[in-house]
Each structure stands twice: as C-alpha cells, then as structure tokens.
Amino acid sequence: MSDRAEPAVALLEAREISKSFLGAKALSGAGFFIRQGEIVALIGENGAGKSTLMKILAGIHQPDSGSLYLDGNPIQLKGPDDAIRRGIVLIHQELNLADNLSIAENMVLGREPTWGGPLGLVDRSATVRITREALAKVGSLLLPETPVGQLPPGQKQLVEIARALSLDARILIMDEPTSSLSQQETDRLIEVMEELKSRKVSIVYISHRLSEVSRVADRVVALRDGKNSGELARGEITHDAMVRLMVGRDLAGIERPQTQFGKELLKVEALRHAGSAAGGVSFAVREGEVVCMAGLVGAGRTEIAETLYGIRPMVGGRVEISGAGFLPGKPSEAIRRGLLLVPEDRRNHGLILAESIRGNISLPNLRMLSRFGIVSPRLENRMADDGISELGIRTTGPAKPAGQLSGGNQQKVVLARWLAAKPSVLILDEPTRGVDVGAKGDIYRMIEQLTARGVGVLMISSDLEEVLRLSDRILVLHEHAIAGELARGEMSEEAVMRLATGSASGRAAS
Amino acid sequence: MNRVLGVLAVVAVIYFGLMSSDPQARSPENHQNLERRIGEWGILTLGVGFVILTGGIDLSIGSVVCLSAVGFGLILENNGSPPLAFMVILASGALIGLVHGLLITRLNLQPFIVTLCGLFIYRGLAQLLTQVRFDVLAGGLGRGWPEGSRILRDSSRNIGLSQPENLAWLTAIQKGNLPLGEWTGIVWLDIPNPLVLFAMLAIAAFLLLECGAFGRRVYALGFNEQAARYAGINTSAHKVACYVICSTLAALGGILFLVKVPSAAPASAGNWFELYAITGAVLGGFSLRGGEGSVLGLALGTAILPLLRSLVIFAGIPSDLEFMVIGFALLLGTVADELLRRGSFGKVRGTG
C-alpha cells in the first residue's frame, strides 16, 4: 500500500532504514512514522524485522543507511541513553529488571534521588514516592519494597512499564508487553495506554495478539522480510486483514473434530504443593483430549504443572497415569511414564541455548540413543532430522545453536524433544507465547496430530482466543483452586473470565 | 574447535621458543622431564575439568594430594600391603569428593567455600596424621594404655616411602617409560609412563564427556542447570559424580607424588597444585561459568605451564619471576580468548 498517510505531522519518523547483522539483512528500506498521541501497532512474523526497527528507533542499533527525524529534524541516536534523554523509551521483550533489588530500587536505577550533596546518599522517601506514583499509573498496588525476584512475570512486566512511564517518555516503544500478562492485566495495560494517549504520549506497540491490536491501535504497520508490507487505518483493522499482511496469505483454519475420548490417562486427586489451596486440585485428562487450564497470572496453573512433573515437591494428593499410581517428585520418572512438560520459560527452562538443535532434542532421550553410555551419532542425527521435518523447524541444519533460533522455532525444538520421547500426557505451559502466527499454526496442528494419536494434552494458556479454539474442556483456576469447568458447549470468553476473576464462584459460595 | 587450534598455536609458540632458547632444552632428558610433569599435572587438571564443567571449582586438590601422599606412606610404614594402600587411598579420595558433592548439592553450599574448607582441613589432617604414633595407638587399643604413653608426637614430620621393594609396579608407573624408543631405536619415543597414564585417562574422559550420555548431561547442567532439570536430568547425581572423579584423580596424583619424590612434607606437599590444575583447564578453554571446554583443549592447556616453567629456566629468566610469567600468561590467554570469542560469535551469527 503505497498511499501512506501523510507524515507531515510525524513526531518520530524513520525513512528508508536498512540494517544487516554481519551479512544477514534484517531491514531493507523500511519506513515508519508516529504522530503525537497515536498508538501504532507494528506487526509481522518473527524475523520480519520488527524488533530491529524498534531498537533503531530506541538508539540501541544504528542503521546502516536511512535517517531518523524527531519533530521534523534529522537526528542521530548515539545510544539508548541518548534516546531516553529525547523521550524515547523502549520496554524490552526480555525483562530488564534486577531480581535482587526491590521494585523501588529498580524504578530509580541509574537516576537515584540523592541528598547530602557530595555524599550522594539515596533519598529513600523520594524513591518510594516516585515508585508509588509510577505503580499507580499502571494500577498496581505492589509495595515498593518488594524484591523484584519474588514477582511473577506478569507483575514484573507491569513494573517495567511503570519504570518507563516514570522516565517521562514522549514515545513509548513496547515489544510484546502483554505476552506474559493475564487477560485482566492486559485490560489494565490497555487502559493505561489509552490514558497515556490522551496525555499526548505516542506508543509503538509490537504484539502477536491480534485481538488486542484491533482493540487499541489507531494504525497498524506490517513488516515482512525487512520491508513494509502494508498499513491499516483504524477502520480497516481486522484479524484477517492483519494476518494477510503478515504472512501474505490467509491462515488455514483449524477445526477440532468432535471426538470420543478414550480412558483416563492422567488422574489427579487433591494434588497439593506448598502454595496450594486447602483442598488441592482434582481433574483428569483422557486419551485424545485437550484440557486447558485458564486463569489469571498467579492463579497457580504453572505450579500444578511443575508439581506433576516433579520440579516442585508435592505435599499431598494422589496421581494416576494410565490407571497405575504415580508419585511425582522426579522429572526423569515422569518422563519414563510419558508425562512430559513443555515449560513456560522457554529460554531458561526449556532449552540449553548454547547447545545445538540436535543436542537439545536428544538431551532427555539419550538413554534410547546410547549403548554402554556412548551416544550413537547416527541415531541422534536421525532423531534430530525427524523432529526438524515433523515440526517444520526453520534452520540451516541440526547443528545450529538453539539460542540463534526465533521464538517459534525454539518452541518447536522443545516440542520435538518430547515427540521423540513418546508422550502419553503432554503438558504445555503457554506454548505459543512470543511465537509468530505461522509457528502458532504449526503448533496447533501438532496438538491436533498428537490427540488424534491418543495423546492427552493438558495446556496452560493466557491467550483466550487460543483456549477457546483448542480446548475440549476448560478448567478455570482462581487462587489455586478450580473455580469451574467448562465443556464444549459452555465455553465463552465471558464464562472463563467470570470464573477466573472469582465472581462466579464467589456468587456460588455466598 | 577454533579454540583448540588457538591453544595448539600457543603451545607451539612456547615450545619453539623453548627449543631455541638453549641446546640443553632440546635434549631428550628435558623432553622426558616435561612429558612426565605434563602427565602428573594432567591427571589433576583432568579431574578439576569435570568439576569446572558443572560450573563448580575444587580448591582442595593440592591438600588432597598431600593427604593422599601422607596417607599412602603411613599405611606402608605400618606394614600395609601396597595394593591395599593404593585402593584405600583412592577410595578415600572418592569419599572426599562424595562429601564435597553432597554438601554442594544437598545443602546448596557454594563449591568455592566447601572446597576452600577442604583445602585447610585435609592439610591439617595430613599434619595431624604424621604425628600419630600408630604403634602406641594399636597397642593401647589392644591391651590398654601403658602408663605415660603418648599417642601424638610433638610435631609433624615428613613421610618417606618405606618398603620400596614391594612397590616395583608403582615405581614402574611413576618412573618408567613406554619403551617404544628402545624397540624402534628412536630415543624420542620413550614416553614417560605418567604421560601414558594421563593419555589413557584423557581418552576415557573423552569417551565419557564427549561421546557419552553422561557428558551431554554434564555440559547441559553446566550451561543451564534449570533447563537440565526440566529435561529430566538428575543434576545432583551428575554433579556429585564429577566431584568424586576430581578428588579420586587428586588422590591418584598424591600417590604418584610420593612415589616420585619420595618423601612428603605435610606442610608443603602439593601446595599450589589446585591452582596449577585450574590454570591448565582455563588455558585449555574451560569456562569457569561451566558447560564449556573440551578434553583435547585441556590436554594442550596442561602443557602450557610446564613449558613456560622450562622456558623460564632455559631462557635465563630469574626463577623468582616464574610466578609473574605464569600470571601474565594466564591473563594474556584469557584476554585473547575473550577477543577471539567476540569475533567468532559475530561470524556464527552472520552465517545463521
């Protein structure tokens, strides 16, 4: 779409930006502008160049060619601190908070208010005041003294956003700010964004959650292969239009056929861990069934998955796999019984980033690949090649380090490892977070194939669209207890949210 | 692989420097000495390599060498049979490693602290053991204490190697050669047995670490212990195993030390050995962050310090400067490695 809106009133503009990383072209002639008080969503598949373009706008990368204009004047950003001085603040996808410091200490890091002149003592009361104000802007009631390390990812994201707001940003660049937020937190963030917009702050917003984009964006800019692939004005923003601009084709729809489910593969009775509610949780997953655990961040979904898998100690309860008793406690034992977990934190828990794709796929399966403790390179290569082709991992070869792959391809590597391990029950914790549209479709297809083969899937997802699309049954968690269960006919966003926020169960109790 | 080639280049440069420094340096005797020393230190370096791969460290190696040398001598002194003494000392080494590993994995103590305590404790224990009058102790336990008898001597003493006639096999391992030179007539092929032993252990380590499932798991947990746990690896057991291997090899090093010298002073035997071992592993490309390093690199890295020491002697550098030379070598190696790593990382990304 060449007839772009006239950028005469642009606050920040980038023209003809090209950038390569040692030979690999990330951007070739991409353009972008944003007006004052505008929310622009930047969409595109992983690898389309979104993050690179944002990092150039925020001074983290310097473009190879092309120019930047702020208020119509050409500028050169020397670094992120230069950008921040000019009012351009980037919130990173990977959170940049020091876990060992408190929220308040993080909030003022590098610009601590001081007293005592040359002594430069930290002014604690001012620190706390700044922090309170900033947290209030995102509607958070967290105590400024709380160590950041104790916060779940969703809360950390809010702190990160609060910090950027306290820097008096004119232009806020958010790289997937909602990927780790619950529906409720996302709603709050969108309110915050609209409030900022009314205060003439401009927001550049990258997200894979298209439903959110259509809610908040004034304009959508799409990138594909480092170039602009089109723009959508307010009235034109629809899910299908965005997908077309991102992938250049319509995404194949996925319909789960109504199936009869087999016997109970996983049966959980009154499972409790250290942070559980009194009665624990009870549920079952049957052959060929997709059971989704929905709920707000902090509702205790990941904890249940990790307890079953043996990462967290089980305090009480009974678990059966395929009718035989199972005592959670060791991941190796869970793997032996076919209970497998794809963890929420892909980069820290799912993968060894420095290790090759091949080595990551074989890591939990080494026993079946070795004789007398020596790994057979032939068998290992075959397992890796099978995984790469089965899941469509885009790579130059099985020896490529997993850390160099995009989010979607990394997730496929974790999945490939468990496909090779012959799953009986597969637990997927936020399997499509930070994954682009194309890879999402591949992951959905894989879930279809697995269930068709009789595997039971227990999925945790904060993406309601996804939950409604894939689930045969939804367990809604609220404060570490199952607030309700929704069968196929009863599913809707409202029903899930009512249970997740406790309003439904609250009514039942009173 | 690039890194191994880098270490090889460094070894080659130092070697040619040494060869051109003095005709004496080129003699078969000097080569034999170097090879023997590389073998002896290599055994210790190999052990600490396992621990470093897990992201840990072992500072107690020198003290374990000392305690093992003293213990071995004492058992022989009290008429223990050499094979028995050999097995007892290796088992004690394994036990020490087991304790380190359990303290680190069960109580979550830091490897640095645990093995630092070991450094003090084992040396102290070695000193104490040399003061014990075992004959009096045994007599006392058997028949009751004679009046006025004392179990401890006034001070620690050096432990020598008694009954050497029963130790032909050990002496052969320590002092003999692989007689390839004798058979072929090429004097250079008389390889000292310690180097042969090191080579065999290194091959075993190579199979274990770089071809085996064990090694895959150790590299994985060294790079990211959490991810290794999620992949179903019993990270604690693997870590403990690495500490056991390290201390057992240190105990073996202690026995070889006593057979060679053949006398161990409890206050000084094995001093600095842990640092030489760590230096060798780091020069060979092991990262103290864990999860990084190859056995071939380690073997080459082990050679650097003995070569440097020899160079210091033959190049006429005052021997007082030896530590400085070693320190600068390690610093240079680390700086060069970091710069190379930045360069090669970029290349890797570019092709991807």
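Rules of the game
- Residues numbered from 1 in each chain as written.
- Chains lettered and ligands numbered in written order.
- Predicted model: local features only at pLDDT ≥ 70, side-chain atom pairs only at ≥ 80, totals over all residues.
- Heavy atoms only, no water.
- Helix = DSSP H or I, 4+ residues; strand = E, 2+ residues; numbered from the N terminus.
- Contact = heavy atoms within 4.5 Å.
- Pairing = 2+ DSSP bridges.
- Axes fitted to C-alpha atoms, helices over the stretch in contact; angles between N-to-C directions.
- Buried area = accessible area lost by both parts, 1.4 Å probe.
- Salt bridge = Lys/Arg side-chain N within 4 Å of Asp/Glu carboxyl O.
- Polar contact = N/O pair within 3.5 Å; in protein donor to acceptor, adjacent residues only side chain to side chain.
- Domains from an automatic or database assignment.
- Buried < 20%, exposed > 50% of the residue type's maximum accessible area, 1.4 Å probe, protein only.

K.L.:
When you look at the side chain of Ser-207 of chain A in this model, what are you seeing that I'm missing?
P.N.:
Mapped onto the secondary structure, Ser-207 of chain A falls in the loop between β10 (202–206) and α7 (210–216). Apart from residues no more than four positions distant in its own chain, Ser-207 of chain A is found in contact with Leu-42, Ile-43, Thr-178, Glu-212 and Val-213 of chain A.

K.L.:
Can you walk me through the sheet that holds strand β6 (residues 88–91) of chain A in this structure?
P.N.:
Whenever strands of a sheet pair, they do so through backbone hydrogen bonds, lying parallel or antiparallel. All names here are of chain A. Strand order across the open sheet formed by 6 strands is β6-β9-β10-β3-β11-β12, with mixed pairing between neighbours. The two strands at the open ends of the sheet, each matched to only one other strand, are β6 and β12 (227–233). Pairwise comparison of adjacent strand axes, ignoring direction, gives a mean angle of 20° for this sheet. Sheet topology note: the strand β11 (residues 219–224)/β12 ladder contains 6 bridges and is antiparallel. Its bridge partner lying in β12, Ala-222 is registered against Gly-230. Contacting β3 (39–43), β9 (171–175) and β10, helix α6 (residues 183–198) runs over the sheet at an angle of about 150° to β10.

K.L.:
Explain the environment of Pro-313 of chain A here, please?
P.N.:
Residues and elements named next belong to chain A. Note on placement: Pro-313 falls in the loop between α9 (301–309) and β16 (314–321). A sequence separation of 40 residues divides Pro-313 from His-273, and the C-alpha atoms of the two residues are 6.3 Å apart. Dropping the residues within four chain positions of it, Pro-313 is found in contact with His-273, Ala-274 and Thr-307.

K.L.:
Explain the interface of chain B and chain A to me, please; I cannot follow it from the model alone.
P.N.:
Where interface size is quoted, it is often the accessible area lost as the parts come together. Chain B puts 22 residues into the contact, and the matching count from chain A is 33 residues. For the chain B and chain A pair, buried surface summed over both sides reaches about 2200 Å², with 59% attributable to carbon and sulfur atoms. Of all residues in chain B, the largest losses of buried area upon contact with chain A belong to Arg-216, Arg-229 and Tyr-230 of chain B, amounting jointly to 32% of the total for that side. There are 1 salt bridge connecting chain B and chain A. Of the charged contacts in the structure, one is a salt bridge between Arg-216 of chain B and Glu-380 of chain A, with a shortest N-O distance of 2.6 Å. Connecting chain B to chain A are 8 residue pairs in polar contact (both at pLDDT 80 or more).

K.L.:
Whenever I open this one, the sheet that holds strand β23 (residues 473–478) of chain A confuses me. Can you help?
P.N.:
All names here are of chain A. The strand order across the open sheet built from 6 strands is β18-β21-β22-β15-β23-β24, with neighbouring strands paired in mixed fashion. A strand with exactly one partner marks an edge of an open sheet, and here the two such strands are β18 (339–342) and β24 (481–487). Between one strand axis and the next, the sheet turns through 20° on average, direction left out of account. The sheet contact formed by β18 and strand β21 (residues 425–429) spans 4 bridges and is parallel. Each bridged residue has a counterpart across the sheet, and for Leu-339 the counterpart in β21 is Val-425. Along the sheet, helix α15 (residues 407–420) contacts β18 and β21; its crossing angle with β18, the most-contacted strand, is approximately 175°.

K.L.:
I tried to follow the domain arrangement of chain A on my own but got confused; where do I start?
P.N.:
All names here are of chain A. By domain assignment, chain A separates into domain 1 (10–87 + 169–249), domain 2 (99–168) and domain 3 (264–509). The straight-line distance from the C-alpha centre of domain 1 to that of domain 3 is 32 Å. Both sides together, the interface formed by domain 1 and domain 3 hides about 1400 Å², and carbon and sulfur atoms give 53% of it. On inspection of domain 1 and its partner domain 3, the count reaches 0 residue pairs in polar contact (both at pLDDT 80 or more).

K.L.:
Help me understand helix α18 (residues 493–500) of chain A in this model?
P.N.:
Along an α-helix, residues three or four positions apart point the same way, because every turn accommodates 3.6 residues. Buried within α18 of chain A we find Ala-495, Val-496, Met-497, Leu-499 and Ala-500 of chain A. You can read the cap of α18 of chain A off the contacts: a side-chain oxygen lies 3.1 Å from the backbone nitrogen of Ala-495 of chain A, and it is on Ser-492 of chain A.

K.L.:
What is the right way to read the pattern of salt bridges from this model?
P.N.:
Should their charged atoms come close, side chains of opposite charge can pair. Scanning all chains against the criterion turns up 34 salt bridges over all chains. A salt bridge links Glu-430 of chain A to Arg-433 of chain A, with the nearest nitrogen and oxygen atoms 3.5 Å apart. Given a relative accessible area of 5%, Glu-430 of chain A falls into the buried group. According to the relative accessible area criterion, Arg-433 of chain A is buried, its value standing at 16%. A salt bridge links Lys-239 of chain B to Glu-225 of chain B; its shortest N-O distance comes to 3.1 Å. Of the two residues, Lys-239 of chain B sits in helix α12 (residues 235–260) while Glu-225 of chain B sits in helix α11 (residues 225–230), which places them 14 residues apart along the sequence. Glu-225 of chain B sits in the partly exposed class, given a relative accessible area of 33%. Beyond isolated ion pairs, a larger network of salt bridges with shared partners links Arg-35, Glu-38, Arg-219 and Glu-231 of chain A.

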